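Inside the fold
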Amino acid sequence: MAGLQQRYSGIAILLHWALALLLLFQLGLGWALEDLPKSTLFVAFQFHKSVGILILVLSLARLLTRILVSRPPAEGAPALRLVASLVHWGLYGVMILGPITGWIIVSTARVKLPTLLFGAIPLPHLPLGAAWNEPAETIHGLIGWLLAGLFVLHVAGALRHHLLRDDLIGRMMPAALSRRPALTIAVVVALAACTAAFFAGSWRYKSHAEVPTPSQPLAAPGSTPELPAAAAPTPDAAASPDPSPSPSAEPSTATMPVRSWKVAPGGTLAFRTVYSGEAINGRFARWTADIQFSPDDLAHSRIGVDIDLASVSSGDSERDDTLKGDDFFGVTAHPKAHFTATRIRKQGAAYVADGTLALAGASKPVPISFTLKIDGDHAQASGTATVKRLAFGVGKGQWSDPSTIPDAIAVTFRFAAEAK
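Here goes a summary of the coordinates provided. (Residues numbered from 1 in each chain as written. Predicted model: local features only at pLDDT ≥ 70, side-chain atom pairs only at ≥ 80, totals over all residues. Heavy atoms only, no water.)

**Let's talk about the overall build of the protein**
Scanning the protein from terminus to terminus reveals eight helices and 13 strands. Considering the protein as a whole, with its 420 residues, one finds that 45% of them fall into the buried category. Taking the intrachain contacts of the protein between residues at least 6 apart in sequence as the baseline, contacts between residues at least 24 apart amount to 67%. Carbon together with sulfur atoms contributes 65% to the accessible area of the protein, which is approximately 21,200 Å² in total. (Helix = DSSP H or I, 4+ residues; strand = E, 2+ residues; numbered from the N terminus. Buried < 20%, exposed > 50% of the residue type's maximum accessible area, 1.4 Å probe, protein only. Contact = heavy atoms within 4.5 Å. Areas by Shrake-Rupley, 256 points an atom, 1.4 Å probe, with all protein chains shown as cover.)

**Some words on empty space enclosed by the protein**
The gaps of empty space that remain are located by a probe, the size of a water molecule, rolled over the atoms. A full pass over the atoms with the stated rule returns two cavities of 30 Å³ or more. Of the volumes computed, that of the second largest cavity is approximately 50 Å³. At three residues, the largest contribution of residues to the lining of the second largest cavity is made by helix 3 (residues 38-68). (1 Å grid on protein atoms, 1.4 Å probe; cavity = no way out; pocket = protein on both sides within 12 Å on 5 of 7 lines; lining within 4 Å. Points joined across faces, edges and corners; volume = space filled by probe spheres on them.)

**Comments concerning the side chain of Arg66**
Note that Arg66 resides in helix 3. In this structure Arg66 touches Arg71, Trp89 and Tyr92, once residues within four positions along its chain are discounted.

**So, the layout of surface pockets**
By volume, the second largest pocket amounts to about 1,000 Å³. What lines the second largest pocket is a set of 46 residues, and nearest its centre among them are Leu269, Phe271, Phe284, Ile307 and Val411. Here the residues of the lining of the second largest pocket are counted per class, giving 40 nonpolar, two polar and four charged. (Nonpolar A, V, L, I, M, F, W, Y, C, P; charged D, E, K, R; others polar.)

**A look at the environment of Leu147**
The topology assignment puts Leu147 in helix 5 (residues 133-163). In this structure the C-alpha to C-alpha distance between Leu147 and Gly98, which are 49 residues apart in sequence, comes to 9.1 Å.

**Some details on a negative patch on the surface**
Side chains of Glu278, Asp316, Glu318 and Asp321 sit close together on the surface and give a patch of like negative charge. Here Glu318 lies in helix 8 (residues 317-324). (Patch = residues over 30% accessible without salt bridge, like charges linked within 9 Å, V, L, I, M, F, W, Y side chains within 5 Å. Salt bridge = Lys/Arg side-chain N within 4 Å of Asp/Glu carboxyl O. Lys, Arg positive; Asp, Glu negative; His and termini not counted. Charge placed at Lys NZ, Arg CZ, Asp CG, Glu CD.)

**Remarks on the environment of Gly376**
With respect to the helices and strands, Gly376 occurs in the loop between strand 11 (362-375) and strand 12 (378-388). A sequence separation of 43 residues divides Gly376 from Ala419, and the C-alpha atoms of the two residues are 8.5 Å apart. Beyond its immediate stretch of four places on either side in the chain, Gly376 contacts Arg259 and Trp261.

**Points about the pairing of strand 3 (residues 259-263)**
Of the pairings in the sheet, the one linking strand 3 to strand 6 (residues 287-293) comprises three bridges and is antiparallel in character. Counterpart to Ser260 in the pairing with strand 6 is Gln292. Pairing of strand 3 with strand 13 (residues 408-419) involves three bridges; the strand directions are antiparallel. Bridge pairing links Trp261 to Ala419 in strand 13. (Pairing = 2+ DSSP bridges.)

**Quick word on unusual backbone geometry**
Negative phi characterises most residues that are not glycine, and trans characterises most peptide bonds. At Ala360, a residue that is not glycine, the phi angle is positive and equals roughly 55°. Mapped onto the elements of the fold, Ala360 is located in the loop between strand 10 (350-359) and strand 11.

**So, the pairing of strand 12**
Note that strand 11 and strand 12 share eight bridges and pair antiparallel. Counted as the bridge partner of Ser369 is Thr384 from strand 12. Where strand 12 meets strand 13, eleven bridges bridge the pair, whose relative direction is antiparallel. Within the sheet, the bridge partner assigned to Gln380 lies in strand 13 and is Ala416.

Okay, here's the thing in structure tokens:
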């Protein structure tokens, strides 16, 4: 038992060194964010947020380990123990508050960009008002500098112990490296790894680059402002992590972040088919769309559409009742159809949203082709899709004969939208 108390647990050692490397990488990336070229800004900010949330999770795990798992007793003069304790708790504070304030900044920014952690896990926005944004931004910037200072003090204290040959640093090393001369080699390797992590964060995205825009101000260490769409931010934009695109930005060079778009009233969602040789033109009066889109970042763009099937109208009330019935849409059991785009890609002058349509209890892949014109905060979109109705069980029994009603139904849409 006494031997265990002279060393930190294996999980504590693992979390300590993982957090050290991640924090220095994050510090380097935060230091370089606003100096990055426009072509890499959005991806860099997304990665910065992803690493921040990972640090938050690991820091909470490290704090829990400190509380629940026995650790070596503090040594040294009382004043030095107090300084060491303050530095340790200060590091816990910045490791936890840094990601949380960054999360608040993203959640309360004027333009709420979606966050996908490491490109896969959606991070929800915190339910906070805009008044939280400025204080969080101020604290987040200060935390970057505080982290740098505390890190220097922590390393200096560890090196002091090592140079005094009391080898307390060996308690946070694997057992095989806890005694000299292996400990000295391990200390040198650890310092080299930490330095490499910092410079990896600083240079990770610069290696892809065009020349950075000199007019963009340098971010404070650890800050997480969102991607500006313009070449040079205005003073207001520089103070906000998620500035709105500058009207003066050149469309040919500016990188537009993923933005939320609200469909304006007056849009149409229609379909066309034939029944026994007679053309049928129908539409849906009620539908909503959740659109997060940027032509410059299709990988993180997404589209979701909900259609109220009971709002179908084809110019004949009797026919509409049939369409709502169990032989077609079955609106009693399945009142809505839902389309979710899983991938959006460019195809010539148009776009294709490869997605899944859930209709009448079945889900099938359906690609949608659309054209888009964006002018500042306004957009115009129109597109087409072909839905194979029989794959969804739409048109059962006497209606299942494709010579009476074709299997392929043409769907068209047109609407205007405004950036939120």
